[in-house]
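Examination of the molecular architecture
Read off the chains here:
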Amino acid sequence: MSRIKDASLSNKGKQRVEWARTQMKVLEKIRKRFDLEKPFSGMRIGACMHVTTETANLILSLKDGGAEISLSASNPLSTQDDVAAYLVKEGINVFAIRGDSSAEYAQNLEDIIKERPQIIMDDGSDLTVSIHKNKEALSNVVGGTEETTTGVIRLKSMQKDGELKYPVIAVNDAMTKQMFDNRYGTGQSTIDGIIRATNILIAGKTFVVAGYGWCSRGIATRARGMGANVVVTEVDPIRALEAVMDGFRVMTMVEASKLGDLFSTATGDREVINGEHIQNMKDGAILSNSGHFNVEIDVAFLEKYPKKTVRTNVEEYLVDGKRIYLLAQGRLVNLGAAEGHPAAVMDMSFADQALACEYIIKNKLSAGVHNLPEEIDREIARTKLQTMGIEIDKLTKSQEKYLSSWKEGT
Ligand code: ADE
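Anyway, here's the lowdown on the structure attached to this text. (Residues numbered from 1 in each chain as written. Predicted model: local features only at pLDDT ≥ 70, side-chain atom pairs only at ≥ 80, totals over all residues. Heavy atoms only, no water.)

Scanning the protein for helices and strands turns up 18 helices and 15 strands. Reported as C-alpha extents along the three principal axes, the dimensions of the protein are approximately 70 × 65 × 45 Å. Relative to its 410 residues, the protein shows a buried fraction of 54%. Long-range contacts, defined as pairs at least 24 residues apart, comprise 70% of the intrachain contacts of the protein with a sequence gap of at least 6. Total accessible area on the protein is roughly 18,700 Å²; 51% of this is exposed by carbon and sulfur atoms. Charge-centre separation for the protein: the mean point of 52 positive side chains lies 2 Å from the mean point of 55 negative side chains. (Helix = DSSP H or I, 4+ residues; strand = E, 2+ residues; numbered from the N terminus. Buried < 20%, exposed > 50% of the residue type's maximum accessible area, 1.4 Å probe, protein only. Contact = heavy atoms within 4.5 Å. Areas by Shrake-Rupley, 256 points an atom, 1.4 Å probe, with all protein chains shown as cover. Lys, Arg positive; Asp, Glu negative; His and termini not counted. Charge placed at Lys NZ, Arg CZ, Asp CG, Glu CD.)

Shown next as structure tokens:
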């Protein structure tokens, strides 16, 4: 069973998935091993992830490992319909069409749940929350994984309320995920989305970045690299101080909103750009979001004003005589207006995902949020370096001894 836009797009999808595969060499090694060992033989995996070429390579690696997989999109705007078509041709149940309504999005999750998955791979925790509402389906689940910061925050809150009923590995928190995907992936793909949507020159613009976590620091750094004058806003004093010492101007959003040409949010919280901020903005200000949900910019406030589409993925709102532009409806601009993070960085995130799924079935974990073991994280970093042809030094015996002893001093 599947629900996709157009099965005839599968050849185009195949071509693009194969291209991404050439950049995903760590995952490729795991795929070859899975193909030999079949660790998921007879198991059903339900995944709610962005339907991209990179995700396709993860899904096909798990399939080669023996799994039966159903996939729905973790955002209605991120689905690549050609990829969905190719995956269906490869025997995956896919429920995703780009531009799905909220009701269709919810139905896609229900369709995954009907397949009685035993492992849940999630990006944002919508599938996890939904399956917890269905006792019978929940009883089949042995464990899950979570891809993103927002999802891990939701899981921890479920755990705090005693509502998380199976073990979930917080893939997002692996070092080989957040330090690379969140930072370099979001950094590059956000700028990519803004440029594909608008074709504006970044150099010389005042670029306001909300937040200074891994994602937003990636965006700030890449925007600066392209010649923007970057302003950072934060609520956490330590992160704000880091941004200051990394050389960014730091101020409140009320102040920043008067200065920015471009705004980018990636905080994981709601109304980071609210009505008051929007009213402060200059004529021509451009707003974009790269946080998981479309709550960071107060889109409901903008919707009160006259609106027209001026380019694909660019809406113009006339707010008190000023033109304010919203990209990709306030949804993830990097996936809505571009193709998401490049394959070479998703290589590590999805190697983490693949090995997390294997870890879940090979180990008896308690219900709750777990970290990916550090040995797995380090092994992925080591393999990534090898695939890049980079060798690093090893500690000598005497260095190891020195580091493990407190006896040597001045
Ligand atoms: N999240 C961000 N970029 C992505 C991509 N290329 N594929 C899947 N999930 C993503």
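Moving on, we come to the layout of surface pockets. Taken as a whole, the largest pocket encloses approximately 950 Å³ of empty space. Along the walls of the largest pocket sit 50 residues, with T149, C215, A266, T267 and G268 positioned nearest its centre. Of all elements in the fold, only α3 (53-64), α8 (149-160), α9 (175-198), α10 (214-225), α15 (333-336) and α16 (343-362) reach the threshold of two or more residues within the lining of the largest pocket. Considering each element in turn, the lining of the largest pocket owes the most residues, five residues, to α9. In terms of residue class, the lining of the largest pocket is made up of 15 nonpolar, 22 polar and 13 charged. If you go around the second largest pocket, you meet 14 residues; those closest to its centre are R378, A381, R382, L385 and I392. When residues of the lining of the second largest pocket are traced back to their parent elements, those giving at least two are α9 and α17 (374-387). Per-element tally for the lining of the second largest pocket: the top contributor is α17, with six residues. Tallied by class, the residues present in the lining of the second largest pocket amount to six nonpolar, two polar and six charged. (1 Å grid on protein atoms, 1.4 Å probe; cavity = no way out; pocket = protein on both sides within 12 Å on 5 of 7 lines; lining within 4 Å. Points joined across faces, edges and corners; volume = space filled by probe spheres on them. Nonpolar A, V, L, I, M, F, W, Y, C, P; charged D, E, K, R; others polar.)

Because an α-helix completes one turn every 3.6 residues, residues spaced three or four positions apart along the sequence face the same direction. Where burial is concerned, most of helix α4 (residues 81-89) is hidden: seven out of the nine residues are buried. Packed against the buried residues of α4 are α1 (10-22), α3, β2 (68-72) and β3 (93-95). Positive phi shows up at G91, right after α4, with a value of about 90°.

Note: strands within a sheet are paired through backbone hydrogen bonds, in either parallel or antiparallel orientation. Taking strand neighbours across the sheet as the criterion, the eight strands line up as β9-β8-β7-β10-β11-β14-β13-β12 in an open arrangement whose pairing is mixed. What marks the edges here is a single partner per strand, and that holds for β9 (249-250) and β12 (307-311). (Pairing = 2+ DSSP bridges.)

This part covers the pairing of strand β5 (residues 143-146). The alternating pattern of β5 places G143 and T145 on one face and G144 and E146 on the opposite face, and all of these are buried. Where strand β4 (residues 119-122) lies against β5, four bridges are found, and the strand directions are parallel. By the bridge assignment for β5, D122 is matched with E146. For β5 and strand β6 (residues 167-170), the ladder comprises three bridges, and the chain directions are parallel.

Turning our eyes to something else, we now look at the sheet that holds β2. Taken in spatial order, the seven strands of this open sheet run β3-β2-β1-β4-β5-β6-β15, and their pairing is parallel. The outermost strands of the open sheet, each flanked by one partner alone, are β3 and β15 (368-370). Averaged over neighbouring strand pairs, the angle between their axes works out to 20° when direction is ignored. (Axes fitted to C-alpha atoms, helices over the stretch in contact; angles between N-to-C directions.)

Now for the packing of aromatic side chains. Tallied over the full model, the rule gives four aromatic pairs. Relative to Y184, the ring of F180 has its centre 6.1 Å away and its plane inclined at 45°; by these criteria the two rings are tilted. Within this pair, F180 and its partner Y184 are both found in helix α9, separated by four residues, close to a single helical turn. Arranged with centres 5.8 Å apart and planes meeting at 65°, the rings of Y212 and F248 form a pair that is edge-to-face. Remark: F248 occurs in the loop between α11 (237-245) and β9 and Y212 occurs in the loop between β7 (206-210) and α10; sequence separation between them is 36 residues. As far as the burial class goes, Y212 and F248 line up, both buried. Geometry around W214 places R217 over its ring, the cationic atom sitting 5.4 Å from the centre. Here R224 stacks its cationic end above the ring of F248, 4.0 Å away from the centre of that ring. (Phe/Tyr/Trp six-rings, centres within 6.5 Å; stacked < 30°, edge-to-face > 60°. Lys NZ or Arg CZ within 6 Å of the ring centre and 35° of its normal.)

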